[in-house]
Amino acid sequence: MLSEKSLGSLIRDKGREGRRGFTLPKNDVENVDLGKVLPKKALRDEKPRLAEVDEPTVVRHYTNLSRKNWGIDTNFYPLGSCTMKHNPRANEAAAANPGFASLHPLQPEKQSQGALRVMHELQGFLAEVSGLPAVSLQPLAGAQGELTSILMVKKFFEDAGDSGRTTVIVPSTAHGTNPATATMAGFKSKEIGVDEHGGVDVEELREAVDGTTAALMITNPNTCGVYERNISEIAEILHGSGAFLYMDGANMNANMGRMRPAEAGVDIMHYNLHKTFSTPHGGGGPGCGAIASTENLAPFRPDPTVEKHGDEFHFVRPEKSIGRVAGFHGNFGPILRAWNYIKMHGPELRDVTDMAVLNANYVRAKLGGTYRVPYNELCKHEVVIQPPEGKRALDIAKGLIDHGYHPPTIYFPLVVKEAMLIEPTESESKETLDDFIGAMLELAETSEEDLEASPTTAPTRRLDETRAARQLKARW
Ligand SMILES: *Cc1c(COP(=O)(O)O)cnc(C)c1O
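Cut-off values and rules
- Throughout, residues of each chain are indexed from 1 in the direction in which the sequence is written.
- Residues qualify for local features only when their pLDDT is at least 70, as the model is predicted, and side-chain atom pairs are given and counted only at 80 or more; totals for whole chains, interfaces and linings, by contrast, use all residues.
- Working from all heavy atoms in the structure, the side-chain values ignore hydrogens and water.
- Working definition: helices are DSSP H or I runs of at least four residues, strands are E runs of at least two. Numbering for both runs from the N terminus.
- Our radius of gyration looks at C-alpha atoms and nothing else; its globule reference is 2.2 Å times the residue count to the power 0.38.
- Throughout, exposure labels follow a simple rule: accessible area from a 1.4 Å probe, protein chains only, divided by the maximum for the residue type, with under 20% read as buried, over 50% as exposed, and the rest as partly exposed.
- Using a 1.4 Å probe, the Shrake-Rupley method yields the accessible areas, and only the shown protein chains count as cover for residues.
- Residues scored as positive are Lys and Arg, those scored as negative are Asp and Glu, and His as well as the terminal groups of each chain are ignored.
- Taken as the charge centre is NZ of Lys, CZ of Arg, CG of Asp or CD of Glu, depending on the residue.
- Each pair of strands is called paired provided DSSP finds at least two bridges between the two strands.
- For helices, the fitted axis covers only the stretch in contact; all axes are lines through C-alpha atoms, and the angles between them, taken along N-to-C directions, range from 0 to 180 degrees.
- A contact between two residues is defined here by any heavy atoms of the two lying within 4.5 Å.
- In the sections that follow, a salt bridge refers to a side-chain nitrogen of Lys or Arg positioned within 4 Å of a carboxyl oxygen of Asp or Glu.
- Put simply, a residue is near a molecule or strand once any heavy atom of it comes within 4 Å of that molecule or strand.
- Amino acid classes used here: Ala, Val, Leu, Ile, Met, Phe, Trp, Tyr, Cys and Pro are nonpolar; Asp, Glu, Lys and Arg are charged; the rest, including Gly, are polar.

Visitor: Break down the overall build of the chain for me, with residues and values.
Guide: Along its length, the chain carries 17 helices and twelve strands. Expected size for 476 residues packed as a compact globule is a radius of gyration near 23 Å; at 26 Å, the chain falls within 12% of this value. For the C-alpha atoms alone, the extent of the chain along its principal axes is close to 80 × 65 × 40 Å. Taken over 476 residues, the chain has a buried fraction of 48%. Of the roughly 23600 Å² of accessible surface on the chain, 52% is carried by carbon and sulfur atoms. Of the charged side chains in the chain, 53 are positive and 63 negative; the average position of the first set lies 8 Å away from that of the second.

Visitor: I'd like a rundown of the sheet that holds strand β1 (residues 134-136), residues and numbers included.
Guide: Hydrogen bonds between backbone atoms are what pair the strands of a sheet, whose relative direction is either parallel or antiparallel. Spatially, seven strands are ordered β1-β7-β6-β5-β4-β2-β3 in an open sheet, and the strand pairing comes out mixed. Edge positions in the sheet fall to β1 and β3 (188-192), since each has one partner strand and no second. Direction aside, neighbouring strands of the sheet carry axes that sit 20° apart on average. Inspection of the sheet shows β1 paired to strand β7 (residues 291-293) by three bridges, in the antiparallel sense. The residue of β7 that forms the bridge with A134 is S293. Against the sheet, helix α6 (residues 113-130) makes contact with β1, β6 (268-271) and β7, and its axis sits at roughly 120° relative to β6, the strand it touches most.

Visitor: Got a sec to walk through the side chain of T173? Specific residues and values, please.
Guide: Among the structural elements, T173 can be located in the loop between β2 (167-171) and α8 (177-184). Excluding residues that lie within four positions of it along the chain, T173 makes contacts with V194, G198, N222, T223, C224 and V415.

Visitor: Requested: an account of the pattern of salt bridges, with residues and values cited.
Guide: Within the structure shown, the criterion is met by 22 salt bridges. Of the charged contacts, one joins R165 and D162 as a salt bridge, the two residues approaching to 3.0 Å between their closest N and O atoms. For D162, a relative accessible area of 28% gives the class partly exposed. Each of the salt bridges in this network shares a partner with another, and the network as a whole consists of E128, R260 and E263.

Visitor: Please give an account of the site of the ligand that cites residues and values.
Guide: Lining the immediate surroundings of the ligand are 15 residues, of which A143, D248, H274, K275 and H281 lie closest. About the coverage of the ligand: the protein hides 90% of its 380 Å² of free accessible area. For the shell around the ligand, the secondary-structure elements that each account for two or more residues are α7 (142-159) and α11 (273-276). When residues in the shell around the ligand are grouped by element, the largest group, three residues, is from α7. For the shell around the ligand, the class distribution of residues is three nonpolar, nine polar and three charged.

Visitor: I'd like a rundown of the pairing of strand β9 (residues 312-316), residues and numbers included.
Guide: Examined bridge by bridge, strand β8 (residues 305-309) and β9 share five bridges and lie antiparallel to one another. Residue pairing for β9: V306 is matched across the bridge by F315.

Right, dumping it as structure tokens:
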């Protein structure tokens, strides 16, 4: 809407009464008295105040606004846990194909066979990557994939007549969405700690698991970027007491082609198709938190999944489905991009993982020594570091902005003080990483005074971040 609220500066500073960016042909339709055809409450008392501007002014206004925006298409963006990697343009071309983009979700199956085939094949690809055969593409985000998974576990126990499973165990290194999921699904969330490698404390887990345990939610690699080396033993402990092992697989670009969750004993997991299979995270755009499970959880999947009967593809409601978790058929855009991404890579999907891990370890090796590395061993797709003694993560992050970088995630994971979580992703070149590392090393030497003055090159100086989060005003 062209209201004063959303167009403030355009109206106040650049608008001139009577100025127009267009001309319309003379009205040759009889004027309708709106007061007679619309209810009174739909009518305004006063004319809205609109921006009265010429076209070049509008174009410049929005173009300049867009240039204040930060994105991976402008700069390196190593935001830990978010996988801000390059989005291959071939996937965008596929998603923009009118044959897909103009499909209506209520179009009959017979007319949507191409789209159903993409969904069916992607279900198969994801089953192959995880080793878990039962896939659903319904959840719209990673967090919703978690919730879907835990609701399936809940329904499994209900169906089995086991009403005593009231608890979901969550390690302290888990993504914040994990305990939130357990609680939303109606379970008690029980926290356990980490060992000296940053992995789940197996002895503590052994103590914590009992007949009330429904599942453990494990993030692997965890939010310290560390691979859960004891995952098979962890799975045995849970299975020994009839509970499930759920894996948060948001960051499968650390595992694909190298580790299949099913072989490690995982029963159910979610993917972030956005993040792992193109469509970077964080743009606020549509996502897909596809899930994959073992056969015994398959009947509880959300409605619908896609099956192939003869030569035709159909939407099918799994037998004991938890019901719908999304309107229509999920977010088809990310589904199509993921299908395209996997088709383009083929068996070389494993190279994605290798590059993601190599890049993170390169950063770890180059920054270690100057920065502190709490878990200084082979990391996966991301690495957690701490600033040199006496410096704050916040100041280094702000200083990075002046060097032309989006800061990494800071103060997360919570188990590490002054944490900086760096995820370079697989799509960055050695030169980009070297420049970034150079900036980080320079910042380690920069005086506290200069650091505290940063950022000086951004459209705004330092903000009150608490207030910005609590009273968000997303308008110019
Ligand atoms: C990103 C992420 C999530 C949540 O994904 P959303 O799509 O933002 O809901 C969950 N777990 C981990 C480990 C993640 O990195």
